[in-house]
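Letter by letter, the chains look like this.
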Amino acid sequence: MMDGHRPTNDRRDRAVIVGAGLAGSLAAVYLARRGYAVDVYERRDDPRLAPAGLAGRSINLGLSARGMSALREVGLLDEVLKRSVPMRGRVVHSPDGTVSFQPYGVREHQILHSVLRDELIAVVVDAADAQPGVRFHFGWRMQRLDRDRPSVTVVSEADGTSTEVTADLVVGADGAFSTVRQQLQHGLRANHAQEFLDWGYKELTIPVGDDGQPRVRLEALHVWPGEHAMMVAHPNLDGSLTCSLFMAFEGEPSLATLTSPAAIRAFFQQHFPDAEALMPHLVEEILDHPTGHLVTVRTAPWHHADRVVLVGDAAHAVYPFYGQGMNSSFEDCLVLDQCLAAHPDRGAALAAYQTARKTHTDVLADLSTQNFEDLRARVHRPGYALRAAADRVLNRLLADRWTPLYTMVAHTTTPYAEALARSRRQDRLLRWSAAGAVAAGTTLAYLTTRTLARAGRGR
Ligand SMILES: Cc1cc2nc3c(=O)[nH]c(=O)nc-3n(C[C@H](O)[C@H](O)[C@H](O)COP(=O)(O)OP(=O)(O)OC[C@H]3O[C@@H](n4cnc5c(N)ncnc54)[C@H](O)[C@@H]3O)c2cc1C
Ligand SMILES: NC(=O)C1=CN([C@@H]2O[C@H](COP(=O)(O)OP(=O)(O)OC[C@H]3O[C@@H](n4cnc5c(N)ncnc54)[C@H](OP(=O)(O)O)[C@@H]3O)[C@@H](O)[C@H]2O)C=CC1
Ligand SMILES: Nc1ccccc1C(=O)C[C@H](N)C(=O)O
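In this report, the structure presented in the accompanying data block is examined.

Rules used in this analysis
- Residues numbered from 1 in each chain as written.
- Chains lettered and ligands numbered in written order.
- Predicted model: local features only at pLDDT ≥ 70, side-chain atom pairs only at ≥ 80, totals over all residues.
- Heavy atoms only, no water.
- Helix = DSSP H or I, 4+ residues; strand = E, 2+ residues; numbered from the N terminus.
- Rg over C-alpha atoms; globule rule 2.2 N^0.38 Å.
- Buried < 20%, exposed > 50% of the residue type's maximum accessible area, 1.4 Å probe, protein only.
- Contact = heavy atoms within 4.5 Å.
- Areas by Shrake-Rupley, 256 points an atom, 1.4 Å probe, with all protein chains shown as cover.
- 1 Å grid on protein atoms, 1.4 Å probe; cavity = no way out; pocket = protein on both sides within 12 Å on 5 of 7 lines; lining within 4 Å.
- Points joined across faces, edges and corners; volume = space filled by probe spheres on them.
- Nonpolar A, V, L, I, M, F, W, Y, C, P; charged D, E, K, R; others polar.
- Domains from an automatic or database assignment.
- Near = heavy atom within 4 Å.
- Polar contact = N/O pair within 3.5 Å; in protein donor to acceptor, adjacent residues only side chain to side chain.
- Core = buried A, V, L, I, M, F, W, Y, C linked by side-chain atoms within 4.5 Å.
- Salt bridge = Lys/Arg side-chain N within 4 Å of Asp/Glu carboxyl O.

## What about the overall build of the chain?
Link 1 in the chain: Within the chain one finds 14 helices and 20 strands.
Link 2 in the chain: The C-alpha atoms of the chain give 25 Å as radius of gyration, which agrees with the globular expectation for 459 residues (23 Å, within 12%).
Link 3 in the chain: With respect to the principal axes defined by its C-alpha atoms, the chain has extents near 105 × 55 × 40 Å.
Link 4 in the chain: A total of 459 residues make up the chain; the buried ones form 51% of that total.
Link 5 in the chain: A fraction of 70% describes how many contacts in the chain between residues 6 or more apart in sequence connect residues 24 or more apart.
Link 6 in the chain: Here the chain has roughly 20,900 Å² of accessible surface; of this, 53% comes from carbon and sulfur atoms.

See below:
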């Protein structure tokens, strides 16, 4: 249901959600299902009417196991998959001109699904909107939180009028630069670490070819690694691909030096020649599209008593390089719902939710930074491909007893810290086995030589 006033005889617990992004919209579905009357305040316009993508900020998202499991639980997965393109692996475009394919797993279902953020939000907002207890208020910016009451003061983007809305529970789903988080933590012994990457990103396009066909293999994530810049391209249903160019803000070369058509062409011809040939609108897009920032946020607390709680990037923003920000945000909604089910006391439920999630999302932040280095500097090296192939062989042979880290992160719901710990154990085992094999080989060679030498002397 769109705007309107809640009837005064509505006895249900009342939740106010700030932010109708990915986490806020899904949280609305979950809370409504749990019996809450939900009001969602979003400062932007309704994404179903004014897609943000028109401004060069569409962002394709790779949906994987964690996000899928949270969508499946509320019956939305099939709707979303209808709008997505399967990505079966990475196509790596090496600086030396070679192109190789690295599968995302060893089983049919171990793939990612590329979906446009606006399309995904539209599905989830529609589902939430269809529930009788849910109302969306677009064009309202939350300005002030009273964490004890609790209440939020929201201001109309259209005419500046403001109103205070009270609730039993306020959910901060207002993204990486969350206002709810700032005011929830104000004056408390809160821990907060925010780290900006000195690289930013721009969105570019590989349009469909003149013959109506995709210009490159569609069912994959394309990656152009590089020391000075890295590019990835997600496929779209219409056969086009949406690229994100990641590059340093400052220095030589950097986003600051890509300021003229000649500089842009020269950079691409030198670093990504095969990509340049696929991007007829490259120059205009680089010059016109906004530059995005990349930030990691580690923070606590995530909740205030039984009254305020954070979900999604508001609680844990991570660099996008593992493709897990949205997936983990969706997983938050599922885990929060499970905690509310398990603990009749909402304060205990919110505390259990933070305990269940924070260690793992902190590990995700590290994994996301590590995958930046892997994608930028390692994926095209023979050693990397060899190790990934060894992991796949062992996974095939030993099934669940040997699961590569990427598989655990992207294709299972194993908590991130457990996945990392297990992969470290596997790494150690592999190193010992390799060392053992070398030692055994050396001993065998020594014994053979000695036996032959003795035999020679005895002759
Ligand atoms: C380039 C890029 C690629 C990515 N790729 C992937 C991927 O492949 N897979 C993946 O899982 N994740 C990916 N992510 C991460 C993903 O986009 C985020 O993790 C996800 O958007 C977080 O969702 P959210 O709802 O917490 O925040 P958001 O999506 O940011 O939603 C927050 C909402 O709150 C609103 N808001 C903010 N402040 C206020 C306020 N004061 N009042 C009212 N409303 C407010 C905002 O307008 C917004 O709509 C990527 C991110 C980037 C930048
Ligand atoms: N973890 C990450 O690295 C990233 C995550 N994301 C996630 O995806 C979401 C949607 O992306 P998108 O809509 O493109 O987000 P934007 O980059 O457009 O940011 C949304 C809003 O956040 C505020 N903001 C942006 N940069 C900063 C900054 N450096 N310091 C303080 N506030 C800032 C601005 O608010 P105002 O207009 O009020 O100034 C901006 O309008 C983000 O909200 C975030 O949750 C997006 C980019 C990177
Ligand atoms: N969504 C992204 C955005 C930017 C950079 C990478 C991604 C990825 O998803 C990478 C993918 N997980 C991979 O490891 O190949």
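## Some points on the layout of surface pockets
Link 1 in the chain: Its boundaries defined by the atoms lining it, the second largest pocket holds a volume of some 820 Å³.
Link 2 in the chain: If you trace the second largest pocket, you find 29 residues lining it, with Asp374, Tyr384, Asp391, Leu405 and Tyr406 closest to the centre.
Link 3 in the chain: Contributing elements (two or more residues each) for the lining of the second largest pocket: strand S6 (99-103), helix H11 (346-378), helix H12 (382-398), helix H13 (405-411) and helix H14 (416-458).
Link 4 in the chain: Classifying every residue of the lining of the second largest pocket by side-chain character gives eleven nonpolar, nine polar and nine charged.
Link 5 in the chain: Two domains each put at least three residues into the lining of the second largest pocket: domain 1 (14-84 + 116-195 + 295-372) and domain 3 (399-459).

## So, the environment of Pro415
Link 1 in the chain: By the secondary structure assignment, Pro415 is in the loop between H13 and H14.
Link 2 in the chain: Taking relative accessible area as the criterion, Pro415 reaches 28% and is therefore assigned partly exposed.
Link 3 in the chain: Distance in space between the C-alpha atoms of Pro415 and Val363 is 9.5 Å, their sequence separation being 52 residues.
Link 4 in the chain: In contact with Pro415, other than residues within four places in its own chain, are Arg66 and His360.

## Some remarks on the site of ligand 3
Link 1 in the chain: Every one of the 13 residues lining ligand 3 counts as a neighbour, but Arg90, Tyr104, Tyr322, Asn371 and Tyr406 are closest to it.
Link 2 in the chain: The contact in question runs from an oxygen atom of ligand 3 to an N or O atom on the side chain of Arg90, over 2.7 Å.
Link 3 in the chain: Between ligand 3 and Tyr104, the relevant distance is 2.6 Å, taken from an oxygen atom to a side-chain nitrogen or oxygen of the residue.
Link 4 in the chain: In isolation ligand 3 offers 370 Å² of accessible surface; the protein chains occlude 96% of this area.
Link 5 in the chain: At the level of secondary structure, the elements contributing two or more residues to the shell around ligand 3 comprise strand S16 (229-235) and H11.
Link 6 in the chain: Partitioning the shell around ligand 3 into residue classes produces nine nonpolar, three polar and one charged.
Link 7 in the chain: Looking at which domains feed residues into the shell around ligand 3, each of domain 1 (14-84 + 116-195 + 295-372) and domain 2 (199-288) gives three or more.

## So, the nonpolar core
It is characteristic of soluble globular proteins that their nonpolar side chains tend to be buried jointly.
Link 1 in the chain: Among the nonpolar cores identified, the biggest contains 68 residues, and Ile17, Leu26, Leu31, Val38, Leu71, Leu120 and Val152 are the most heavily contacted of them.
Link 2 in the chain: For this core, the element with the highest residue contribution is helix H1 (residues 22-33), accounting for nine residues.
Link 3 in the chain: The residues contacting Ile17, other than those within four sequence positions of it, are Gly24, Ala27, Ala28, Leu31, Val38, Asp39, Val40, Tyr41, Val171 and Ala173.
Link 4 in the chain: One finds Val232, Phe372, Tyr406 and Ala410 within the second-largest nonpolar core, a separate group that totals 30 residues.

## Focus on the pattern of salt bridges
Link 1 in the chain: Per the counting criterion, the structure on display carries 25 salt bridges.
Link 2 in the chain: Between Arg48 and Asp126 there is a salt bridge; the shortest N-O distance is 2.7 Å. Note that Arg48 is positioned in the loop between strand S2 (37-42) and strand S3 (60-63) and Asp126 in helix H4 (residues 117-129), a separation of 78 residues in sequence.
Link 3 in the chain: For Arg48, a relative accessible area of 25% gives the class partly exposed.
Link 4 in the chain: With a relative accessible area of 43%, Asp126 lands in the partly exposed category.
Link 5 in the chain: Between Asp332 and Arg357 there is a salt bridge, with the nearest N and O atoms lying 2.8 Å from each other. Remark: Arg357 occurs in helix H11 and Asp332 occurs in helix H10 (residues 325-342); sequence separation between them is 25 residues.
Link 6 in the chain: With a relative accessible area of 0%, Asp332 lands in the buried category.

## Things to note about the environment of Leu197
Link 1 in the chain: Along the chain, Leu197 falls in the loop between strand S13 (191-196) and strand S14 (199-206).
Link 2 in the chain: Look at Leu197 and you get buried, because its relative accessible area is 13%.
Link 3 in the chain: C-alpha of Leu197 to C-alpha of Leu294: the two residues are 97 residues apart in sequence and 5.6 Å apart in space.
Link 4 in the chain: Once residues lying within four places of it in the same chain are set aside, the contact partners of Leu197 are Phe249, Leu294, Tyr319, Phe321 and Phe372.

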